[in-house]
Amino acid sequence: MSGIDITRFHQTFFEESFEGLDAMEAALLRMSSGPSDAETINTIFRAAHSIKGGAATFGFSEVAGFTHVLETLLDLMRSGRHEATPADIDCLLRSGDALRSLLTAARDGGQPDRDGIAALKAELESRLKGGGETPSAPAPAQASAPAAPAARGWRVRFIPKPELFASGNDPVRILRELTQLGRCEVHCDSERLPGLRIAHPEVCYLAWTIELHGDCPREAVAEVFAWVEDDCELHIDALEAAVEVAVTATETRAPELKLIEGGKPATPAAAATAPAPGVDRRAETRGDGSSIRVATEKIDALINLVGELVITQAMLQQQSAGLDPVQFERLLAGLSALNRNTRSIQEAVMATRMLPVDFVFSRFPRMVRDLAAKLGKQVRLATSGEQTEIDKGVIERIADPLTHLVRNAIDHGLELPEVRAASGKDPIGTLRLAASHQGGHIVVEVSDDGRGLDRRRILAKAAERGLPCSESMADGEVWQLIFAPGFSTAAEVTDVSGRGVGMDVVKKNIEALNGAVEIQSEAGRGMRVAIRLPLTLAILDGMSVAVGEEVFILPLGSVVESLQPQPEQVKRMAQQGSVVRVRNEYLPLVDLREWFALPGTRRATHEAIVVIVEAEGRKLAMQIDELVGQQQVVIKSLETNYRRVRGVSGATILGDGRVSLIVDVGAIVRLFSSPQTPAAIAA
């Protein structure tokens, strides 16, 4: 064991421990909202037990010590000797937070709040003393199973698999823990030990037979071996009854234990328990080869290489366009196959970065519960579309915007129970989170059945702050005012909201992802905020357009239509530039040649092509010289490789090797006023 560096398993332990805490919190929230079943309590217990086992293995004594007390209380609940009360659940939720801080400190080398953790540990111990012997509700399912034979001791046959050390476990430490249950007689079996010349220091050759003398239950003995359950063969026999009670996969047993003959190697924390329901194990390293844990950096590097492959393939495709199809039939067929295979590789690699939206949604039940209790409100959280997948980079960057929206919905949108009841509503307000695919985008919605937005109040506040507004503005334009920096209609500032910081951050973060935010509201009925996002940040479906010798990419999701206007459709407004009339709607006209200060003579609008684009609910007309075609492009960060350019969101490399800029439609739309009416044009 001296030659094994177990620190290489730390990252896996921390990742799986945080996943276990997420599963624990989700199960506790289910318990707080209604009657709990045995499996829910077992889920919580297994998560705590796994963390305790891994922490003990790696020497994180603070984590192991705190989790031991937590696990003891959970074990009483699991066995039916302590009935979980709302106060217990609240204490367990806070214990999960404390455990998270301990794990974070152990991972990052920081200092946890030891005083707060000690106080919480004392509270757990107090609950153990006050509730361990009290009558309780009917025991969970496993408590009603036939009891193990009465015995004053146990004979344990422990045969580790040869690769046990690779999982970071030490059998000597396990045996040492077993001695805490009673007097032990330990017999070492060295039959598998080879000669010194061929022995390998990282292979476990020894086995043990232990006679444990004491009145401890079989479950306590089995628990000692729980985190090596898949890395050993184990038999537990009653000494006096001489009846084998070896645990098998089909026998009634403590649900955290599943000891089988054979089994698969596991990671340190995974070996402590079966995966908890609700915990995603797609990134877990498994010995059976079903999946492996891969660093994000490696996936990003692979995506970059695939991007270069896409560019190279496009280059070959363009160079072969002029070849004689008869003379070069086999070459063109090969290029066609390369095109198909490149697209398949691209889609497969991009899929490795896709994660379900539930990775974000799962953090909100706890937040909603705590915030609602703080504000004296009753809130029912409903979610749908949790398995809708989106790029990991997008997932990570929409968490903060969604948090702002959820907090605002609870604080500003949903009314107090007595107010809702007085207006004929259900005293319990409903907050909904939904996700769905729509075309090449994902739409995430946050909606509530609260009071909705107050149009008059928003306009009054906007006028007070000097924002451009009028009573004639459409509702959609009025709702956009709440995204102005510092805008707030809150009567008082609280630690939840009211400082005017939040909605502007939401909009900026979403726009940074080339997304858009839409609002719908009805007074007294509620509000709906829809966030439209690209599926990925690496690949873009775009329309290639030419302006002189330059080619630009317009995001296809922003393109509405293209047309060649007639002279009478174009109007010039004094000091406000030109507009083009499209079906009785006058849209601001932007000449991309002038916008990017390109050389050459500007064409008359009726001799050029106009592309109608839309962003943030507003439309704009862009004048170009030619439509080149539609294609997928690999997005390169212009800011990282050069500098930020107004009206440009990125760049790509075309098939002929030229760099093409990707137009930031949203940024250009924001710089122009809203669509003009015919009356305004005539004036």
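The written sequence of each chain sets the order in which its residues are numbered from 1. The predicted nature of this model means local features are confined to residues of pLDDT at least 70 and side-chain atom pairs, given and counted, to a pLDDT of 80 or more, with totals for whole chains, interfaces and linings taken over all residues. For side-chain calculations, the full set of non-hydrogen atoms in the structure is used, while hydrogens and water are omitted.

Here we look at the nonpolar core
Here comes step 1: We define the nonpolar core as a collection of buried residues of types Ala, Val, Leu, Ile, Met, Phe, Trp, Tyr and Cys that are connected through side-chain atoms lying within 4.5 Å of one another. Relative accessible area decides the class of each residue, using a 1.4 Å probe on protein chains only: under 20% of the type maximum gives buried, over 50% gives exposed, and in between gives partly exposed. Counting residues in hydrophobic clusters, the biggest one holds 49 residues, and the most contacted among them are Leu402, Val406, Ile482 and Leu533.
Here comes step 2: Helix and strand labels come from DSSP, where a helix needs a run of H or I of at least four residues and a strand needs a run of E of at least two; each type is numbered from the N terminus. It is helix H12 (residues 392-413) that provides the largest number of residues to this core, a total of 9 residues.
Here comes step 3: In this view, Val406 contacts Phe364, Met367, Val368, Leu431, Leu433 and Val446; residues no more than four positions away in its chain are not counted.
Here comes step 4: Counting 40 residues, the second-largest nonpolar core is a separate cluster that includes Ala47, Phe66, Leu93 and Leu128. Working rule for contacts: check all heavy atoms of both residues, and any pair within 4.5 Å makes them a contact.

A look at H12
Here comes step 1: Helix span, as expected, comes to 1.5 Å for every residue beyond the first. End to end, H12 covers 30 Å across 22 residues, agreeing with the expected 32 Å (1.5 Å per residue, within 8%).
Here comes step 2: Largest kink in H12: about 35°, centred on Ile398, with the proline Pro401 one to four residues after it.
Here comes step 3: Put simply, Asp391 is the residue that caps the front of H12, since its side-chain oxygen is 2.7 Å from the backbone nitrogen of Gly393. Note that bend, as reported per residue, equals the angle between axes fitted to the 7 residues terminating at that residue and the 7 residues originating from it. Polar contact criterion, stated in full: a pair of N or O atoms within 3.5 Å, where within protein one must be able to donate a hydrogen and the other to accept it, and residues adjacent in sequence count only if both atoms are side-chain atoms.

Quick look at the pattern of salt bridges
Here comes step 1: Salt bridges are counted wherever a side-chain nitrogen of Lys or Arg sits within 4 Å of a carboxyl oxygen of Asp or Glu. A full pass over the atoms with the stated rule returns 37 salt bridges.
Here comes step 2: Of the charged contacts in the structure, one is a salt bridge between Lys161 and Glu163, with a shortest N-O distance of 3.2 Å.
Here comes step 3: Relative accessible area serves as the criterion here: at 15%, Lys161 is assigned to the buried category.
Here comes step 4: On the basis of relative accessibility, which here comes to 29%, the residue Glu163 falls in the partly exposed class.
Here comes step 5: With a shortest N-O distance of 2.7 Å, Asp625 and Arg593 are connected by a salt bridge. Of this pair, Asp625 sits in the loop between strand S19 (618-624) and strand S20 (626-634) while Arg593 sits in helix H17 (residues 592-595), and the two are 32 residues apart along the sequence. The pair formed by Asp625 and Arg593 is uniform in burial state, with each residue classed as buried.

Some details on the sheet that holds strand S17 (residues 585-591)
Here comes step 1: Sheet architecture is open: 6 strands sit in the order S14-S18-S19-S17-S16-S15, paired in mixed fashion. Strands with a single pairing partner mark the edges of an open sheet, and in this sheet they are strand S14 (559-563) and strand S15 (570-573). Averaged over all pairs of adjacent strands, the angle between their axes in this sheet comes to 35°, without regard to strand direction. Any two strands between which DSSP finds at least two bridges are classified as paired. Lines fitted to C-alpha atoms define the axes here, with helix axes fitted over just the stretch in contact, and angles between the N-to-C directions of these axes take values from 0 to 180 degrees.

What to know about the environment of Thr67
Here comes step 1: Of note, Thr67 is situated in helix H3 (residues 61-78).
Here comes step 2: With 31 residues separating them along the chain, Thr67 and Ala98 place their C-alpha atoms 9.9 Å apart.
Here comes step 3: Those residues in contact with Thr67 that lie beyond four places of it in its chain are Ala48, Ile51, Lys52 and Leu99.
Here comes step 4: For Thr67, the side chain forms a polar contact with the main-chain oxygen of Val63, separated by 2.6 Å.

Concerning the confidence of the model for the chain
Here comes step 1: pLDDT is a residue-level measure of predictor confidence that goes from 0 to 100. The predicted model of the chain averages 79 in pLDDT, with 83% of residues at 70 or higher.
Here comes step 2: By mean pLDDT, helix H20 (residues 678-682) is the weakest element of the chain at 42, and helix H13 (residues 417-422) is the strongest at 93.
Here comes step 3: Counted against residues more than four places away or in other chains, residues 241-265, with its pLDDT under 50, gives 62 contacts.
Here comes step 4: Below pLDDT 50 for its whole length, residues 674-683 participates in 18 contacts with residues either more than four positions away or in separate chains.

Focus on the packing of aromatic side chains
Here comes step 1: Between rings of Phe, Tyr and Trp, where Trp is taken as its six-membered ring, a pair exists when centres lie within 6.5 Å; planes separated by under 30 degrees are stacked, by over 60 edge-to-face, and by other angles tilted. Using the criterion set out here, one finds 8 aromatic pairs in the structure.
Here comes step 2: With a centroid separation of 6.0 Å and an interplanar angle of 25°, the aromatic rings of Phe158 and Trp208 are classed as stacked. Within this pair, whereas Phe158 is found in strand S1 (residues 153-160), its partner Trp208 is found in strand S3 (residues 207-213), the two being separated by 50 residues in sequence. Taken individually, Phe158 and Trp208 each receive the classification buried, so the pair is uniform in this respect.
Here comes step 3: In this structure an aromatic cluster arises from ring pairing among Phe13, Phe14, Phe58 and Phe60.
Here comes step 4: The cationic tip of Arg78 hangs over the ring face of Phe45; the distance from NZ or CZ to the ring centre is 4.0 Å. A ring has a charge above it when a Lys NZ or an Arg CZ is no more than 6 Å from the ring centre and no more than 35 degrees off the ring normal.

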